[in-house]
Amino acid sequence: MAKRKLSVSLGLILALSTTLAACGGNNGNNGNNAAEGSASPGGSAAASTAAATESAAPAKDPVELTFMGPTSWMAGTGVQDMLKAYEAATGNKIKQEVVPDDQYLNVMKTKMSTDDAPDLLFHNKGFNYIPANFLEPITGPILDRIDPTVGAVTTIDGKFYQAPAAPHSFYGIIYNTEVFDKAGIKVPLKTYQEFIAAADKLLAMGVTPLGLAGKSTWTANQPYLVGGAYVFAKNPDLAKQISTNKIKPADSPEYLEMVNRYVSLKKYIAKDYLSSDQPIIQKGLLDGTIAMEFYPDVTYGDFEKEDAAKAEKLGYMPFTLGDDYIAATFPPTDEAALSIPVNAKHKAEANDFINFATQKDNFILLNTKDGTPGSGISPYKDFTVGLNHFQQSMADMIAANDIPAAPFLLGYLDPNFQLGDFNKHVNDMMAGKAPAQALDDWYKDYAKVNKTAKTEGF
Amino acid sequence: MIPKMIMRNYPILFIVPAVILYTVFSVVPSFVGLAAAFTDWSTFYLFNPTFVGWQNFKDLFESTGFIGAIRHTLMYTALHTVFVIAIGYALAIILNNQVKFKNAYRVIIFSPVVINPLVISLVFSALYNPTYGPINTFLRKIGLGALAQNWLTEPKIAMYSVIIMGVWVGLGSTVVIFLAGLQSVSADFYESATIDGAGGIKKFRYITLPLTMHALTINTLLVLISGLNVFGEVYGLTNGGPNGATEVFGTFIFANFSQGLYGYAAAAGLVFTVVVSISSFTLLGLFRKMEVEY
C-alpha cells in the first residue's frame, strides 16, 4: 500500500515536471526572438521612408489592428480621436483591448507569452515595464525624428523598441518666488552648497524649506533622482559598472557621497512628511509656509486650479547635489510609449501606426485631455509641444543660465538593468537607515531581479 | 442489469467529479507551486523556467524585506491571537449570561465577519486619518491632542493600528465558537460548585476553563492561522508601508509575484506554509494535553 502511494506521488511529480518541461520548450520570449526577422534601423532608411509614406495612405487590404492599453489612458478623448484619425487615414480598423491599470502588465505579458499578443501596446516607457525580448524593433522615419537622448533609453544594440507617446516633463523644484525674494535668494541654485545655504536661510526665517508629499511612496526619490544625476553625468562609467554588477552602489565612494548629501536634506523637510499628501504641500507652497517642493512640472494645472493668482507666483528650477554640475533633468522612462509585441500578427501595419501616431498633429491629439493639449518637452526633433507655466519657467531659467537638459539619475543606467524596489531604499534612508546599509539592501533586491532577468553581469 | 463491478464501486463514481476538480484546482497548483519554488520562473522568461535548486530560499533569507516580513507577521500573529482570544472569551462569557439585548450585541460583534476585509480597511483608513479622522478629532476635542497620531504613516505605530483593526475583525467568529463551548457546559456543575461555596473565579478556573478547552483550542488555532495568513487587512490599510513597517508574509509574496518573480514568490509561499504548519501542529499538541474528558 505504501509502495502504491509512493508510486502515485512520484507519478504525479513526474507528470508535473513533464508539464513544466513542455512549457519550457515553447520559448516564445527569449532574447533571440526579438532580434529575429527584424530590420536593422540603421540599414532600413529606404524601407522606412516608404513605410512612412504608406502609413498615411489608405491601405490596399485593410486589416484590423488590436491596440491594448490601460483603462485610464484609453478613456482619454485624445486617444480615441487619434485612433479614429488613423482609421480614417488608412482604412484599417482598430480593435481596442482595455485592461484595468493594476492588472495591465501581467495581462499584457501573459497574452504575449501565450501567443495571443495584440498588435500594439500602449504602456509606460522603459524596459523595467516590458523587457526588450518581448518587443519587435520599430523602424521608419521615426528613427531620424526621435531625440537621440530620449531614443537611447529604449535602444539596445542599435534597435529601437519603444516609441515615446507623450511629451517629457522636467523633474525639479517648484518654489515660491515671493518667499525666495523675501529671503534674498537668487536662483538657480547651481551647487549643493548654494542649495544648503538657501535652505538654512529659509529655516532661519521660520519657513519650511522643503515639502515632500511622503504619503505617496515615490515622492522621496525626487531629490535623489534629480540631484543625484551629477554622479553619473560626470562619470558615465560608474553607471555602466553598476548596471553590469561590476560595482555595488555602496562600494562607490562617489555614489555613497551623493546619497549622504541626499540624506542631509532631511533636516529641511517638514517633520511629518510621511503623512503629508500633495494637497497639504500644495497649499503650503501657495501660502508661502513651505518654500520648495520636488514634484514634476506637469502638476501645474493642480496648483492653478487651487489658486491661479498664487500659482503664477511659483517658479520651477533645476536642482543638483553636485559641486559643479547642474542640469534640467527629465525622466527618460515612465512616460507613455507605443511598442509592437514580438509575436504581433500585423507587425508592418503596427510599425506604420507608430510612425503615424508620433507625427506632430497625431501626437498632440493623442495627448489632449478634456480639450487641453498635453505640455512638455517633445521627444521628437521635428516639432515642439506647448509649455505650462512651470515648464516655461524652467525653460527660461536654463536658457538664461546655459544649463543643459539631461536625463535624471536612472537615465544613465543600462536600459536592460532592472531597478528592483528602488523606492524602498530611498524611504529606508529617510526613515533613518544608514545609507550604506540601505544601498546594500537595494543591491540584494535588484541583483535578485537582474539574475532572474538574466541581465548581463548578474 | 448493472454490472457487479459498477455496483460495487458506485460510491466511488459519485466522488470522482469532486476529486477531479479538487485535483485540478488544488492539488496540481500546490505541486506546481512546490516545483516553481526551485526554479527561476519569472515574467521575463515565462515559459522556460530553469532549475535553480535552493537559490530562491538562500536569496529569501538574505533579503531584509523577507526577514522583516517574518518579524512583522509573527508580531501581528502573537498580539492578534492574544487579544482576540482574551477579549473574545470575555465577551462570550458576558453574552452567555442574562444580559439585556444580548442578541443585538451578538449581531454587532459578529457583523465584521460578513464584511470584506478590504471594505473594513477603507473604513479604518478614514477613522485613522490624521487630519480629519474621528479618532484624532475626538482626542483633540477632549483636550488630548498630544495623543493624536499619524496612525498609519508613523512606522512605530502603523503595525499596532493594523492589529487593532485585525482584532475587531477577528472577534466575531471567535465569540460564536466560545459561546457554543460555554453553552455546552451543564449548569449542574455550577450549581454543585455554588453549593460547595466556590466563587466566580474558582468556578471559572475549575469548571469553565477546563470544560471549554476544546473551544479554546479550536479558536486559538483558527486565530493563529488567520493571523499568520493576514493579507487583506494590511493590503487595504497600509500595503506593507510605511517604509515596510507593516510588511507581512502575504504582502511580501504579493509584491514579488506582482514584480513577476514567480519562482521566488513560490519559495516564499512554501516557507510560509512550513511556518504555518509547524505553528499549528505545535499548538494543537500543546492544547490537546490540556483538554479534559467529561
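Criteria and cut-off values
Here, residues in each chain are numbered from 1, in the same order as that chain's written sequence. The naming scheme follows written order: chains are lettered A onward, ligands numbered 1 onward. For this predicted model, a pLDDT threshold of at least 70 governs which residues receive local features, and a threshold of 80 or more governs which side-chain atom pairs are given and counted, while totals over whole chains, interfaces and linings are taken from all residues. The side-chain figures draw on all heavy atoms in the structure; neither hydrogens nor water molecules are used. In DSSP terms, a helix is any run of H or I states spanning at least four residues, a strand is any run of E spanning at least two, and both are numbered starting from the N terminus. We call a residue buried when its accessible area falls under 20% of the maximum for its residue type, exposed when it is over 50%, and partly exposed in between, using a 1.4 Å probe and counting protein chains only. Values of accessible area rely on a 1.4 Å probe in the Shrake-Rupley scheme; residue burial ignores everything except the protein chains shown. Computation of the radius of gyration draws on C-alpha atoms alone. For the globule rule, the value is 2.2 Å times the number of residues to the power 0.38. A positive count includes Lys and Arg, and a negative count includes Asp and Glu. His and the chain ends are not counted in either. Where a charge lies is defined by one atom per residue type, namely NZ (Lys), CZ (Arg), CG (Asp) and CD (Glu). By the convention used here, residues are in contact when the closest approach between their heavy atoms is within 4.5 Å. Counted as salt bridges are all cases of a side-chain nitrogen of Lys or Arg within 4 Å of a carboxyl oxygen of Asp or Glu. Each domain's limits were defined by an automated method or a database of domain assignments. Each of two parts loses accessible area, computed with a 1.4 Å probe, when they are put together; buried area is these two losses added. Here a polar contact is recorded for every N or O atom pair within 3.5 Å, except that within protein the pair must consist of a potential hydrogen donor and a potential acceptor, and residues adjacent in sequence are included only if both atoms are side-chain atoms. Both cavities and pockets are sets of points on a 1 Å grid over the protein atoms alone; in a cavity a 1.4 Å probe fits but cannot get out, in a pocket the set is open with protein on both sides within 12 Å along at least five of seven lines, and lining residues sit with an atom within 4 Å of a point. Grid points are joined across faces, edges and corners, and a volume is the space filled by probe spheres set on the points. Charged means Asp, Glu, Lys or Arg here, nonpolar means Ala, Val, Leu, Ile, Met, Phe, Trp, Tyr, Cys or Pro, and polar covers whatever is left, Gly included. Two strands make a pair as long as DSSP finds a minimum of two bridges between them.

**Student:** Explain the overall build of chain A to me, and be specific about the residues and the numbers.
**Tutor:** Looking only at helices and strands, one finds 22 helices and 16 strands in chain A. For chain A, with 458 residues in total, the buried portion stands at 54%. Summed over all atoms, the accessible surface of chain A reaches about 18,800 Å², with 54% contributed by carbon and sulfur.

**Student:** Mind laying out the overall build of chain B, listing which residues take part and the relevant values?
**Tutor:** In terms of regular secondary structure, chain B is built from 13 helices and 0 strands. The N-to-C order of helical and strand elements in chain B reads α-α-α-α-α-α-α-α-α-α-α-α-α. In terms of overall size, chain B is more extended than a compact globule, its C-alpha atoms giving a radius of gyration of 24 Å where 294 residues would be expected to give roughly 19 Å. Considering only C-alpha atoms, chain B reaches an extent of 75 × 75 × 35 Å along its principal axes. Out of the 294 residues in chain B, the part that is buried amounts to 42%. For chain B, the exposed area adds up to about 16,000 Å²; of that, 72% sits on carbon and sulfur atoms. When the 15 basic and 11 acidic side-chain charges of chain B are each reduced to a single mean position, those positions are 7 Å apart.

**Student:** Break down the interface of chain A and chain B for me, with residues and values.
**Tutor:** Opposite the 40 residues of chain A that make contact, chain B presents 28 residues. At the junction of chain A with chain B, the criterion picks out 3 salt bridges. Asp59 of chain B serves as the salt-bridge partner of Lys451 of chain A, at 4.0 Å between the closest nitrogen and oxygen. Counting residues per element, the ones that place at least two in the side of chain A that touches chain B are helix 1 (2-25), helix 6 (104-113), helix 21 (422-430) and helix 22 (435-453) of chain A.

**Student:** Please set out the domain arrangement of chain A residue by residue, giving values where relevant.
**Tutor:** Residues and elements named next belong to chain A. Split by domain assignment, chain A resolves into domain 1 (33-167 + 333-386) and domain 2 (171-330 + 391-453). On a C-alpha basis, the centroid separation for the pair domain 1 and domain 2 is 31 Å. Listed per partner, the contact involves 12 residues of domain 1 and 9 residues of domain 2. Buried area between domain 1 and domain 2, summed over both chains or domains, comes out near 860 Å², and the portion from carbon and sulfur atoms is 53%. At the boundary of domain 1 and domain 2, one finds 0 salt bridges. Taken together, domain 1 and domain 2 are joined by 3 residue pairs in polar contact (both at pLDDT 80 or more). Breaking the side of domain 1 that touches domain 2 down by element, the ones donating at least two residues are helix 8 (148-152) and strand 5 (155-156).

**Student:** Go over the pattern of salt bridges with me, naming the residues and quoting the values.
**Tutor:** All names here are of chain A. For the coordinates displayed, the defined rule picks out 18 salt bridges over all chains. Residue Asp382 is joined to Arg145 by a salt bridge in which the shortest nitrogen-to-oxygen separation is 2.8 Å. Taken as a pair, Asp382 in the loop between strand 15 (372-373) and helix 20 (389-400) and Arg145 in helix 7 (residues 142-145) lie far apart in primary sequence, 237 residues in all. Relative accessible area serves as the criterion here: at 46%, Asp382 is assigned to the partly exposed category. The partner of Asp287 in a salt bridge is Lys283, with the nearest N and O atoms 3.2 Å apart. Of the two residues, Asp287 and Lys283 both sit in helix 15 (residues 278-287), 4 residues apart, roughly one turn of that helix.

**Student:** Just give me the short version of the layout of surface pockets, but keep the residues and values in it.
**Tutor:** Of the volumes computed, that of the second largest pocket is approximately 670 Å³. Along the walls of the second largest pocket sit 31 residues, with Asp428 and Ala431 of chain A together with Pro155, Pro242 and Asn243 of chain B positioned nearest its centre. Within the residue set of the lining of the second largest pocket, elements represented by two or more residues are helix 21 of chain A together with helix 3 (64-96) and helix 7 (155-183) of chain B. Per element, the largest residue contribution to the lining of the second largest pocket is 7 residues, and it comes from helix 3 of chain B. Looking at the lining of the second largest pocket, its residues break down into 11 nonpolar, 9 polar and 11 charged.

**Student:** Pulling in residues and values, what's your account of the pairing of strand 8 (residues 171-176) of chain A?
**Tutor:** Residues in a regular strand project their side chains so that they alternate between the two faces of the sheet. All names here are of chain A. The element strand 8 is extensively covered by neighbouring structure, given that 6 of its 6 residues are classed as buried. When strand 8 meets strand 10 (residues 290-296), the two strands line up antiparallel, connected through 5 bridges. Bridging from a neighbouring strand, Tyr171 pairs with Pro296 of strand 10. Note: strand 8 against strand 11 (residues 314-317), 4 bridges, orientation antiparallel. In the sheet register, Asn176 faces strand 11, and the bridge partner there is Leu314.

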